[in-house]
Amino acid sequence: AQSVTQLDSHVSVSEGTPVLLRCNYSSSYSPSLFWYVQHPNKGLQLLLKYTSAATLVKGINGFEAEFKKSETSFHLTKPSAHMSDAAEYFCVVSDLVPGRRALTFGSGTRLQVQP
Amino acid sequence: EAQVTQNPRYLITVTGKKLTVTCSQNMNHEYMSWYRQDPGLGLRQIYYSMNVEVTDKGDVPEGYKVSRKEKRNFPLILESPSPNQTSLYFCASSLSRRRGSSYEQYFGPGTRLTVT
């Protein structure tokens, strides 16, 4: 069985400071991992994905994440927060076995960016 | 423009009155799925479909039905809605899931359902 734990339900940073959103996963198979972002009253947008290529994955809007198999982590980072980054972020794991359910979502981390 | 559309976007209904939320994608994706989003729980899968006429239960299928008669459409049916089905619903689609690969899912804009 697969699962995802987002370690912080809320994160607050000041504009221009680094962002770190933490995610740990468990999976019986080699996982694919994603980060999605949801802005208020909007749908979900893919930020980045890891699918067993490079362990450091770059996404849109300056975000990146590093897959660490030994730590079963996939933390999301950004060097400098912008006001427009305020949103809810979801870490997602996907197993690769046909016929199984597709995606397991974490419970989300709400990012606040203070001016 | 490649997209997943859902209708309606907002719906308020009463207990027991059957309703359907439509979902359509124009990307020729084989795989489609329905999720519900509740505070503190993230998104949970209701049903998914690997292809036309192939559907299966997700994590929380009770009280829902789906059908997949055409590749582009995947409606969600609530035969007798109850207040605990008040939620934000998302439809998603992706390319077919094959062993050894995984494709990101594209999400619709969401349908906010309130059952009183």
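Residues numbered from 1 in each chain as written. Chains lettered and ligands numbered in written order. Predicted model: local features only at pLDDT ≥ 70, side-chain atom pairs only at ≥ 80, totals over all residues. Heavy atoms only, no water.

A.B. asks: If you had to explain the overall build of chain B to someone new, which residues and values would you point to?
C.D. replies: Counting its regular elements, chain B contains 0 helices and 11 strands. From first element to last, N terminus to C terminus, chain B shows the α and β order β-β-β-β-β-β-β-β-β-β-β. Taken against the 2.2 N^0.38 rule, which gives 13 Å for 116 residues, the C-alpha radius of gyration of chain B at 14 Å falls within 12% of a compact globule. Judged by the C-alpha coordinates and their principal axes, chain B covers about 45 × 25 × 25 Å. In chain B, which comprises 116 residues, the proportion classed as buried is 51%. Here the analysis covers contacts within chain B between residues at least 6 apart in sequence; of these, 55% occur between residues at least 24 apart. (Helix = DSSP H or I, 4+ residues; strand = E, 2+ residues; numbered from the N terminus. Rg over C-alpha atoms; globule rule 2.2 N^0.38 Å. Buried < 20%, exposed > 50% of the residue type's maximum accessible area, 1.4 Å probe, protein only. Contact = heavy atoms within 4.5 Å.)

A.B. asks: Would you mind going over the packing of aromatic side chains in detail, with residue names and values included?
C.D. replies: Residues and elements named next belong to chain A. Using the criterion set out here, one finds 14 aromatic pairs over all chains in the structure. Where phenylalanine 34 meets tyrosine 36, the ring centres are 6.2 Å apart and the plane angle is 40 degrees; that geometry is what we call tilted. Note on tyrosine 36: relative accessible area 1%, which makes it buried. Here the aromatic rings of phenylalanine 63 and tyrosine 89 are separated by 5.6 Å at their centres, their planes lie at 45 degrees, and the arrangement is tilted. (Phe/Tyr/Trp six-rings, centres within 6.5 Å; stacked < 30°, edge-to-face > 60°.)

A.B. asks: Go over the pattern of salt bridges, please, and point to the residues and values.
C.D. replies: Side chains that differ in sign of charge can pair as their charged atoms come close. Residues and elements named next belong to chain A. On inspection of all chains with the given rule, the structure shows 8 salt bridges over all chains. In this structure, the salt-bridge partner of aspartate 8 is arginine 22, at a minimum N-O distance of 3.0 Å. A residue pair is termed long-range when its members are at least 10 positions apart, and aspartate 8 in the loop between strand S1 (3-6) and strand S2 (10-14) and arginine 22 in the loop between strand S3 (19-21) and strand S4 (23-26) qualify at 14 residues. Classification of arginine 22 as partly exposed rests on a relative accessible area of 32%. Among the ionic pairs, glutamate 64 bridges to lysine 58, the shortest N-O distance being 2.8 Å. A residue is classified by how much of its surface remains accessible, and glutamate 64, at 24% relative accessible area, is partly exposed. (Salt bridge = Lys/Arg side-chain N within 4 Å of Asp/Glu carboxyl O.)

A.B. asks: Outline the side chain of aspartate 85 of chain A, supporting the account with residue identities and numerical values.
C.D. replies: Residue and element names in this part refer to chain A. As for its placement among the helices and strands, aspartate 85 is situated in the loop between strand S9 (73-78) and strand S10 (87-94). Taking the relative accessible area as the measure of exposure, aspartate 85 reaches 4% and is therefore buried. Looking at aspartate 85, its side chain comes within polar contact range of the main-chain nitrogen of histidine 82, at 2.8 Å. (Polar contact = N/O pair within 3.5 Å; in protein donor to acceptor, adjacent residues only side chain to side chain.)

A.B. asks: Could you give an account of the pairing of strand S9 (residues 87-94) of chain B, naming the residues involved and the relevant values?
C.D. replies: Remark: a regular strand shows side chains that alternate across the two faces of the sheet. All names here are of chain B. Within S9, 8 of the 8 residues are buried, leaving the element largely enclosed by the surrounding structure. Side-chain alternation along S9 places Ser87, Tyr89, Cys91 and Ser93 on one buried face and Leu88, Phe90, Ala92 and Ser94 on a second face that is also buried. Of the pairings in the sheet, the one linking strand S4 (residues 31-38) to S9 comprises 7 bridges and is antiparallel in character. Bridge pairing links tyrosine 35 to phenylalanine 90 in S9. (Pairing = 2+ DSSP bridges.)

A.B. asks: Can you break down the nonpolar core residue by residue, with the values?
C.D. replies: Ranked by size, the top nonpolar core spans 26 residues in total, and within it Trp35, Leu48, Phe74, Leu76 and Tyr89 of chain A carry the most contacts. With 4 residues, the single largest contributor to this core is S10 of chain A. Grouped together as the second largest cluster of nonpolar side chains are 19 residues, Val4, Leu19, Val60 and Cys91 of chain B included. (Core = buried A, V, L, I, M, F, W, Y, C linked by side-chain atoms within 4.5 Å.)

A.B. asks: Got a sec to walk through the pairing of strand S5 (residues 42-51) of chain B? Specific residues and values, please.
C.D. replies: All names here are of chain B. Of all 10 residues that make up S5, 7 are buried, and the element is covered over most of its length. With 7 bridges joining them, S4 and S5 adopt antiparallel strand pairing. Bridge pairing links glutamine 37 to leucine 43 in S5. Linkage of S4 to S5, two consecutive antiparallel strands, is achieved through a turn of 3 residues, within which glycine 40 is found at a positive phi near 80 degrees.

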